[in-house]
Amino acid sequence: MNTGSDEDKTAETPESEQPQPLPHVSKAPAFIKARRGLHLSWQVGVFIVGLAVIGAGVAMLVLPGPGWVAIFAGLAIWATEFAWAHVVLAWTKRKVSEAAQKALDPKVRRRNIILTTTGLVIAGALIGFYFWKYGMTMPWNIKEQ
């Protein structure tokens, strides 16, 4: 009994048209890849450098500096040697592109402008009330009467 499962599926979609994922290839020089111990040392070094850059990026999230840029740079460093980091970086790039396109949507822009304006008006009103009540006195110098 022929159920049709033995059909040649390549006739429907040629192999050349099907997207093939590229295999992850180490960016290490050839003389390093040729020696297993040296290549492992290279990967450990790349991991440590990427970890340091990501650690600096995490610190810059609360300190002055481009935190997210450093985190993505560390991930890009890892992606030169590790397939999992390459996959995570590709996913991150896709999500950032989607978010950028979403932010350009006129409805989203209008909503963001309305929310920002409302927040600025409320902040201005609170600051104005503070100056009306206390003048230019700093909060820690206010004496309760």
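Residues numbered from 1 in each chain as written. Predicted model: local features only at pLDDT ≥ 70, side-chain atom pairs only at ≥ 80, totals over all residues. Heavy atoms only, no water.

## Brief notes about the packing of aromatic side chains
Phase 1: As enumerated under the stated definition, the model contains eight aromatic pairs in all.
Phase 2: Between Phe82 and Trp84, the ring centres sit 6.0 Å apart and the planes meet at 25 degrees, which makes this aromatic pair stacked.
Phase 3: For Phe82, a relative accessible area of 15% corresponds to the buried category.
Phase 4: Here Trp84 falls in the partly exposed class, since its relative accessible area comes to 44%. (Phe/Tyr/Trp six-rings, centres within 6.5 Å; stacked < 30°, edge-to-face > 60°. Buried < 20%, exposed > 50% of the residue type's maximum accessible area, 1.4 Å probe, protein only.)

## Some remarks on the nonpolar core
Phase 1: With eight residues, the main nonpolar core is built from Val46, Ile54, Leu75, Trp78, Ala79, Phe82, Ala85 and Leu89.
Phase 2: Those elements that place two or more of their residues in this core are α2 (36-62), α3 (67-79) and α4 (83-103).
Phase 3: No other element matches α3, which puts three residues into this core. (Core = buried A, V, L, I, M, F, W, Y, C linked by side-chain atoms within 4.5 Å. Helix = DSSP H or I, 4+ residues; strand = E, 2+ residues; numbered from the N terminus.)

## As for the packing of α3 against α4
Phase 1: Direction vectors running N to C along α3 and α4 enclose 140 degrees, while the axes themselves pass 7 Å from each other. If you check the angle between α3 and α4, you find them oblique. Here α3 and α4 pass one another in a crossing that is left-handed. Between α3, through Phe72, Leu75, Ala76, Trp78 and Ala79, and α4, the contact on the second element is made entirely by Trp84, Ala85, His86, Val88, Leu89 and Thr92. (Axes fitted to C-alpha atoms, helices over the stretch in contact; angles between N-to-C directions. Parallel < 35°, antiparallel > 145°, perpendicular 65-115°, else oblique. Left-handed = near helix turned anticlockwise from the far one by under 90°. Contact = heavy atoms within 4.5 Å.)

## Digging into the side chain of Thr92
Phase 1: Locating Thr92 in the fold gives a position in helix α4.
Phase 2: Only 2.8 Å separates the side chain of Thr92 from the backbone oxygen of Val88, close enough to count as a polar contact.
Phase 3: In this structure Thr92 touches Phe72 and Leu75, once residues within four positions along its chain are discounted. (Polar contact = N/O pair within 3.5 Å; in protein donor to acceptor, adjacent residues only side chain to side chain.)

## Here we look at α2
Phase 1: Its 27 residues place the ends of α2 40 Å apart at the C-alpha level, agreeing with the 39 Å of an ideal helix rising 1.5 Å per residue.
Phase 2: For α2, the secondary structure elements touched by its buried residues are α1 (30-33) and α3. (Expected span 1.5 Å × (residues − 1).)

## Looking at the pattern of salt bridges
Phase 1: On inspection of all chains with the given rule, the structure shows one salt bridge.
Phase 2: Taking the shortest distance from any N to any O, the salt bridge between Glu98 and Lys95 comes out at 3.7 Å. Highlighted residues: Glu98 and Lys95, both in helix α4, separated by three residues, approximately one helical turn.
Phase 3: Judged by its relative accessible area of 40%, Glu98 falls in the partly exposed class. (Salt bridge = Lys/Arg side-chain N within 4 Å of Asp/Glu carboxyl O.)

## Notes on a nonpolar patch on the surface
Phase 1: Residues Leu40, Val44, Phe47, Ile48, Leu51, Trp84 and Val88 make up a contiguous nonpolar surface patch of about 630 Å² in total accessible area.
Phase 2: Among the secondary structure elements, those contributing two or more residues to the nonpolar patch are α2 and α4.
Phase 3: With five residues, α2 is the single largest residue contributor to the nonpolar patch.
Phase 4: Examined against the element boundaries, Leu40 turns out to sit in helix α2. (Patch = residues over 30% accessible without salt bridge, like charges linked within 9 Å, V, L, I, M, F, W, Y side chains within 5 Å. Areas by Shrake-Rupley, 256 points an atom, 1.4 Å probe, with all protein chains shown as cover.)

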